[in-house]
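Take a look at the letters that make up each chain.
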There are 2 protein chains.
Amino acid sequence: MPTWLLLTSLFWSLSDGGKVLVIPLDNSHWLSMRLVVERLHQKGHEIVVVAPDVNMRIEPSLHYTLKTFAVSYTEEYMKEQLQNIGQNIFSQQPFLARMTETIARTRIISTLFLNTCKELLYNKEMIAYLEENQFDVVFMVPVSPCGQIVAERLSLPSVYYSRGFPCGLEATQCPNPPSYVPRFFTGNTDHMDFSQRVKNFLAASLEFLFCYLLYSPFHVLSTEFLQREVTVSELYSQASVWLLRYDFAFEHPRPLMPNMVLIGGINCEKKSPLIEEFEAIVNASGEHGIVVFSLGSMVSEIPMKKAMEIAEALGTIPQTVLWRYTGEVPPNLAKNTKLVKWLPQNDLLAHPKARAFITHGGSHGIYEGICNGVPMVVMPLFGDQMDNAKRVESRGAGVTLNVLEMTSKDLSDALKAVINDKTYKENIMRLSALHLDRPIHPLDLAVHWVEFVMKHKGAPHLRPAAHDLNWIQYHSIDVFAFLLAVLLLVLFISLKCSLFCFRKCFGRKGRLSKKSKSKSQ
Amino acid sequence: MPTWLLLTSLFWSLSDGGKVLVIPLDNSHWLSMRLVVERLHQKGHEIVVVAPDVNMRIEPSLHYTLKTFAVSYTEEYMKEQLQNIGQNIFSQQPFLARMTETIARTRIISTLFLNTCKELLYNKEMIAYLEENQFDVVFMVPVSPCGQIVAERLSLPSVYYSRGFPCGLEATQCPNPPSYVPRFFTGNTDHMDFSQRVKNFLAASLEFLFCYLLYSPFHVLSTEFLQREVTVSELYSQASVWLLRYDFAFEHPRPLMPNMVLIGGINCEKKSPLIEEFEAIVNASGEHGIVVFSLGSMVSEIPMKKAMEIAEALGTIPQTVLWRYTGEVPPNLAKNTKLVKWLPQNDLLAHPKARAFITHGGSHGIYEGICNGVPMVVMPLFGDQMDNAKRVESRGAGVTLNVLEMTSKDLSDALKAVINDKTYKENIMRLSALHLDRPIHPLDLAVHWVEFVMKHKGAPHLRPAAHDLNWIQYHSIDVFAFLLAVLLLVLFISLKCSLFCFRKCFGRKGRLSKKSKSKSQ
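All figures in this text were calculated on a predicted structure; none of them were measured in a lab.

**Thoughts on the interface of chain B and chain A**
So, step 1. On the chain A side, the residues contacting the 56 residues of chain B number 56 residues.
So, step 2. Surface buried jointly by chain B and chain A totals about 5,200 Å² across both partners, of which 70% is contributed by carbon and sulfur atoms.
So, step 3. Put simply, chain B and chain A have four salt bridges between them.
So, step 4. For aspartate 478 of chain A, the salt bridge identified is with arginine 197 of chain B, shortest N-O distance 2.5 Å.
So, step 5. Viewed at the interface, chain A and chain B are joined by 15 residue pairs in polar contact (both at pLDDT 80 or more).
So, step 6. Contributing elements (two or more residues each) for the side of chain B that touches chain A: helix H1 (3-13), helix H7 (194-226), helix H15 (422-436), helix H16 (442-456), helix H17 (471-474) and helix H18 (477-520) of chain B.
So, step 7. Residues that form the side of chain B that touches chain A fall into these classes: 35 nonpolar, 11 polar and 10 charged.

Structure representation (structure tokens):
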């Protein structure tokens, strides 16, 4: 063991494992965040996970103590909201109606976050419990600033677990030039022409407004709860470390801050060989292999017409298709297509017989596609999926389809292309090689940084001084104005002096010569 | 072994070790760069180091093939230049005379770099040799762009090994706000008041000018040699990866780019226990322990008056002082002070009896002080040493002295402070703990990234698209101007329309009413 490692471990062994308070988000985030939590538990830390008593995926476990708090909505209400989103995607409405509905739904989700947060913060028993337990760190998902409000109340450092750059990025002080850093929902890559840069610039401005609308209610809540004026931006700026599920094999290169740690692909740890049921299907697929198809857990059902179109397309390829689908079975389902209620996505993609991956483009799925080098057909549905799809496409590692507008032939052609055209496979293998060639596994890295923050009680040495500057100071506008004023003053004085000297030297002569002239006249 | 690591190593084993062309810089850089070179050799790569035949530290080794090229200057000339710099530091000249001499000396060094580069590039035999050998990567120090010109000629990717951010940083496209990122030679920290920000802003502007002056001759040389127009900024922008001897335990937090890898403290690998001669001295030091004192290899001699002042101060402490000094022995040298021609600095600092470190503040020494948690008395001499000293002082881990102005008492007081005042020890131990708590050793990280660039033939996925934008595009000035024009046009048209409507509606009435008034009169 090298001395530096010995020193580090000696330092750490003094405290005999720490206590981690986890405030997760109940969706696919939790699936990969749980990996970090489990590893932290294995390393001897005590973990408490705090979640609403109505949730989809956060279940009790031997790895952590689950503490739930009561919320006023029911499980049915929550499921209904999620289903509505899923159905909304496939509804053929005019653009404006769709937009209005999307905004309304965002507000519902945002209100759900806010209410859940209120029910946590004003749950006296829970807060008393959290205060009694001397935690070392809050490990949280920053989609809602609720975890940070708790961290502030408990005076604890925090580590964020995030898909990418958050709404209200200015909280990180990370430079984010709209000229080459594409904004969400624009479908831009990092190489933009003038009109795309205009679009990106506008999106950046709108993002600011959107974030304000989304988070302003939390400003009121946090100020009230913490009994001091605190903006959401200030809350987020307190993060010791941002663990970002982000990797440049997939994302476009951009500036980062010292407290940003990239752990993209953390979910690709291949855990187990295929379970028997799937092993049999895969082995029976013969030389043609398999295609894995999942639109994620949000989409339980799609309109029958669309399902039939898809089923028809799937029937045109010789591969066996494993389709995760819980809706009504399309009557035209071909023999090569197996409908399943659930599938071990990463294990299937890791199988050498995997030929293609049809995905909605959620970030977890995309990274599983990249890790395992399986070319993709991406049918983005909402959120960051359009942008993920664009990134895959821009790297020649897959084809993007508009799920609403695509025909059966489009899907069939796309599948045949990614399976038979070798360039897709070559490109995804290149991305895979870049992504997997890392000095340390993202899971180890994530665990290291959570432990780092616990040991050192935060990471203030990674906090840029930019947090202490206002907008004018940060951009040196006051300095520039001052120097300009000095320059102008110097110019003015020089001019005045020159003029004065000029008059002294030539003015008198001029007058003299005039005088002499007049005398001579 | 995890699957991803297995995959990576399988991938690599195909090529059975690569070929690395090393273009180093002949000074302390080489001491730590050599560690990476040796490790690369141990990992089975073939290494060729190219250096001028007149040099101080780059010697033949079993780890690499040393290929030298003839230069027109002699060893005596080079030594004389270095000695002149060392002596110049201690010469009591007026400010302007010192500045003029410093600039003149910088020009001499710069011309030396340029001439050395010319002699490499126009050495036909050497270039033919380099072209014949199919290298995989150029591993170089970017103080001179010469290595990159070679890399361009050979169409090879390059990895840079650098102390910190280079002159002409814009080549990396890394944001560098002067409002909180202190510039070299200003002595600023990251927290600046208004006047310091003005100074920093001016320094940033001057830096630009200075870099232009320093590097413009290379523009001519590279354009001539590569037979295409290529600026130095373009050359530097080609770097696949920057390995930076930089660590936020010591440096102020600032933005980074994806191709920047921090390997600060790479030189702190403790290689061996103390050699017998030093072990004896250290053991004899008793409970008071030792003080390590070195002003680096550039300073072989200091004026006797100053040396005597220093010797007097060293005599006032109970510790045994190990002073690396090759000049004339000061007659007042106290019994506790041992003069040595060389000392195993890192091994001594690593000894539990080390109480303080008197250093000129070179980055290697500073990191050794931090790694080993030894509080410092810094006497900066030139270059980045003033800034290093300021960083140590701003973290409460040491005291800075002006070597020209300090009295014997100042040094004595400073030494007693860092040895007896516990806060210095506590602060340096905290920095040490932060610095050493890393998921992977900097040497392994450096080797990983050199191998990465070899395997993947560069790292284009880490290259920001900002390189393809001009200044106006990067700052979105064209977009802003366009949107402003559109806004003004819309306002103008709205105003015209409103005015037109207003006239239509009220103008006629007005005229009518006038008419009617005139009629009624």
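Still more to cover.
**Some points on the sheet that holds strand E5 (residues 158-162) of chain A**
Residues and elements named next belong to chain A.
So, step 1. Strand order in this open sheet of seven strands is E3-E2-E1-E4-E5-E6-E7, and the pairing throughout is parallel. Strands with a single pairing partner mark the edges of an open sheet, and in this sheet they are strand E3 (65-69) and strand E7 (260-262). Across the sheet, the mean angle from the axis of one strand to that of its neighbour is 20°, orientation sign disregarded.
So, step 2. In the sheet, strand E1 (residues 19-23) pairs with strand E2 (residues 46-52) via four bridges, with the strands oriented parallel. Paired with valine 20 across the strands is isoleucine 47, a residue of E2.
So, step 3. Packing of helix H5 (residues 124-132) onto the sheet brings it into contact with E1, E2 and E3, and relative to E3 it is tilted by some 150°.

**Description of the relation of the copies chain B and chain A**
So, step 1. Superposing chain B onto chain A requires a rotation of 180° together with a translation of 0.0 Å along the rotation axis, leaving an RMSD of 0.1 Å. Given the turn and translation reported, the copies of this chain are related as if by a two-fold rotation axis. For chain B, the residue whose C-alpha comes nearest the rotation axis is leucine 256 of chain B, separated from it by 2.7 Å.

**Points about a nonpolar patch on the surface**
So, step 1. Among the surface-exposed residues, Phe480, Leu484, Leu487, Leu488 and Leu491 of chain A lie close enough to one another that they form a single nonpolar patch of about 510 Å² accessible area.
So, step 2. Residue class for leucine 491 of chain A comes out exposed when judged on its relative accessible area of 52%.

Criteria and cut-off values
Residues numbered from 1 in each chain as written. Chains lettered and ligands numbered in written order. Predicted model: local features only at pLDDT ≥ 70, side-chain atom pairs only at ≥ 80, totals over all residues. Heavy atoms only, no water. Contact = heavy atoms within 4.5 Å. Buried area = accessible area lost by both parts, 1.4 Å probe. Salt bridge = Lys/Arg side-chain N within 4 Å of Asp/Glu carboxyl O. Polar contact = N/O pair within 3.5 Å; in protein donor to acceptor, adjacent residues only side chain to side chain. Helix = DSSP H or I, 4+ residues; strand = E, 2+ residues; numbered from the N terminus. Nonpolar A, V, L, I, M, F, W, Y, C, P; charged D, E, K, R; others polar. Pairing = 2+ DSSP bridges. Axes fitted to C-alpha atoms, helices over the stretch in contact; angles between N-to-C directions. Least-squares fit on C-alpha atoms with pLDDT ≥ 70 in both. Patch = residues over 30% accessible without salt bridge, like charges linked within 9 Å, V, L, I, M, F, W, Y side chains within 5 Å. Areas by Shrake-Rupley, 256 points an atom, 1.4 Å probe, with all protein chains shown as cover. Buried < 20%, exposed > 50% of the residue type's maximum accessible area, 1.4 Å probe, protein only.

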